[in-house]
Amino acid sequence: MTCVLALDIAMNRSGFAEGGPEWNRPRWGVFETAGWRDGGEAVNLVRWGDFLDERMEANRFTHMVIEHIFVDTRIPKLKALVALLFKKKMREALSLARSLAEKPAFDFAATQAQMMLSGVAVERAARRGIKVFSVTTDEWRERFLGMNRRPEEAKGDDKFWKTLALRRAAELGWYCEFHDQAEPLGILDCALAALDKPYR
């Protein structure tokens, strides 16, 4: 019997969802960490491993699906800055440089935390013979939300995808407090559709 643990791993709050084609209702929640920048990596990784052990002991998971790690390097803004400097449009370049300084182009700490947490998850699954695969954001959004490209009118809305995931989960009767709970439900749905023909 197919039983899936879906993970949306993040630095401070990772979401999870559990379910199978025969389940009446999935289960979901979050796992929170803190202190990554203050030397708390080891404690967070041990707690995460213990949490996964508990989930895996409580369920007979056949599969684990993890959302691909997203690395947002803000390359388009950096390219735009270089283009402005090359064209000697200093006022515009200075304005863009200030916005990049306020929101740095890339903070590796969050990506590093995701990579470490993912490694622990894959190792825990391997110990138990649980098959592991990953899905891209585009894949699960296309199935769960009906789209994977932000509409033009929502270009400036940083919460667009989060709000949409919460709304879609609520439509299915899965009322989530955080988007970190709704998104793994989308990942779970995508995984079950790939693994089980009748579920589709």
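As the structure is a computational prediction, the values presented were derived from the model and not from experiment.

Student: Whenever I open this one, the overall build of the protein chain confuses me. Can you help?
Tutor: Along the protein chain, the regular secondary structure elements total seven helices and five strands. Here the protein chain, with 200 residues, has 42% of them falling under the buried criterion. Residue pairs at least 24 apart in sequence account for 64% of intrachain contacts in the protein chain once pairs closer than 6 positions are excluded. Accessible area for the protein chain stands at about 11500 Å²; split by element, carbon and sulfur atoms hold 53% of it.

Student: Please explain helix H1 (residues 41-58) as it appears in this structure.
Tutor: In an α-helix, one full turn covers 3.6 residues, which means residues spaced three or four apart are oriented alike. For H1, with 18 residues, the first-to-last C-alpha span of 26 Å sits near the 26 Å given by 1.5 Å per residue. For H1, the full list of buried residues reads Asn-44, Leu-45, Trp-48, Gly-49, Phe-51, Leu-52, Asp-53, Arg-55 and Met-56.

Student: When you look at the packing of aromatic side chains in this model, what are you seeing that I'm missing?
Tutor: Pairs of aromatic rings are described using the distance from one ring centre to the other and the angle between the two planes. Tallying each qualifying case throughout the model produces six aromatic pairs. Look at Phe-16 and Phe-51: their rings are 5.2 Å apart centre to centre, the planes differ by 65 degrees, and that puts the pair in the edge-to-face class. Residue Phe-16 is located in strand E2 (residues 13-19), and its partner Phe-51 is located in helix H1; the two are separated by 35 residues in the primary sequence. Exposure class is identical for Phe-16 and Phe-51. Each is buried.

Student: Looking at this model, I keep getting lost on the pattern of salt bridges. Mind explaining?
Tutor: Where charged atoms from two side chains of opposite charge come close, those side chains can pair. The full count for this structure, using the stated rule, is twelve salt bridges. The salt bridge involving Asp-53 is made with Arg-124; its shortest N-O contact spans 3.0 Å. Residue Asp-53 is found in helix H1, and its partner Arg-124 is found in helix H4 (residues 108-128); the two are separated by 71 residues along the sequence. No difference in accessibility class separates Asp-53 from Arg-124, as the two residues are buried. Residue Arg-149 pairs with Asp-138 through a salt bridge whose shortest N-O separation is 3.1 Å. Of the two residues, Arg-149 sits in the loop between helix H5 (137-144) and helix H6 (160-171) while Asp-138 sits in helix H5, which places them eleven residues apart along the sequence. Here Arg-149 falls in the exposed class, since its relative accessible area comes to 56%.

Student: Looking at this structure, how should I read the nonpolar core?
Tutor: The nonpolar side chains of soluble globular proteins are, as a tendency, buried together. With 24 residues, the main nonpolar core has Val-65, Trp-140, Leu-145 and Leu-185 as its most contacted residues. Of all the elements in the fold, those that place two or more residues in this core are strand E1 (4-8), H5, H6 and helix H7 (179-195). Of all the elements, H7 adds the most residues to this core, at seven residues. Ignoring sequence-local partners within four residues, the contact set of Trp-140 consists of Glu-67, Val-135, Leu-145, Glu-183, Gly-186, Ile-187 and Cys-190.

Student: What should I look at first to understand empty space enclosed by the protein in this one?
Tutor: One way to see where empty space is left: roll a probe the size of a water molecule over the atoms. Tallying each qualifying case throughout the model produces one cavity of 30 Å³ or more. Looking at the largest cavity, its volume works out to about 30 Å³. What lines the largest cavity is simply Ile-9, Ile-66, Glu-67, His-68, Ile-69, Gln-114 and Ser-118. Looking at the lining of the largest cavity, the elements with two or more residues in it are strand E4 (63-67) and H4. Class assignment of the residues belonging to the lining of the largest cavity gives a composition of three nonpolar, three polar and one charged.

Student: Looking at this model, I keep getting lost on the sheet that holds E2. Mind explaining?
Tutor: Strand pairing in a sheet relies on backbone hydrogen bonds, with the paired strands running either antiparallel or parallel. Reading across from one edge, E3-E2-E1-E4-E5 is the order of the five strands in this open sheet, with mixed pairing throughout. The open sheet has two edge strands, strand E3 (27-32) and strand E5 (131-135), and neither has a second partner. Pairwise comparison of adjacent strand axes, ignoring direction, gives a mean angle of 20 degrees for this sheet. Where E2 lies against E3, six bridges are found, and the strand directions are antiparallel. What sits directly across from Phe-16, in E3, is Gly-29.

What counts and what doesn't
- Residues numbered from 1 in each chain as written.
- Predicted model: local features only at pLDDT ≥ 70, side-chain atom pairs only at ≥ 80, totals over all residues.
- Heavy atoms only, no water.
- Helix = DSSP H or I, 4+ residues; strand = E, 2+ residues; numbered from the N terminus.
- Buried < 20%, exposed > 50% of the residue type's maximum accessible area, 1.4 Å probe, protein only.
- Contact = heavy atoms within 4.5 Å.
- Areas by Shrake-Rupley, 256 points an atom, 1.4 Å probe, with all protein chains shown as cover.
- Expected span 1.5 Å × (residues − 1).
- Phe/Tyr/Trp six-rings, centres within 6.5 Å; stacked < 30°, edge-to-face > 60°.
- Salt bridge = Lys/Arg side-chain N within 4 Å of Asp/Glu carboxyl O.
- Core = buried A, V, L, I, M, F, W, Y, C linked by side-chain atoms within 4.5 Å.
- 1 Å grid on protein atoms, 1.4 Å probe; cavity = no way out; pocket = protein on both sides within 12 Å on 5 of 7 lines; lining within 4 Å.
- Points joined across faces, edges and corners; volume = space filled by probe spheres on them.
- Nonpolar A, V, L, I, M, F, W, Y, C, P; charged D, E, K, R; others polar.
- Pairing = 2+ DSSP bridges.
- Axes fitted to C-alpha atoms, helices over the stretch in contact; angles between N-to-C directions.

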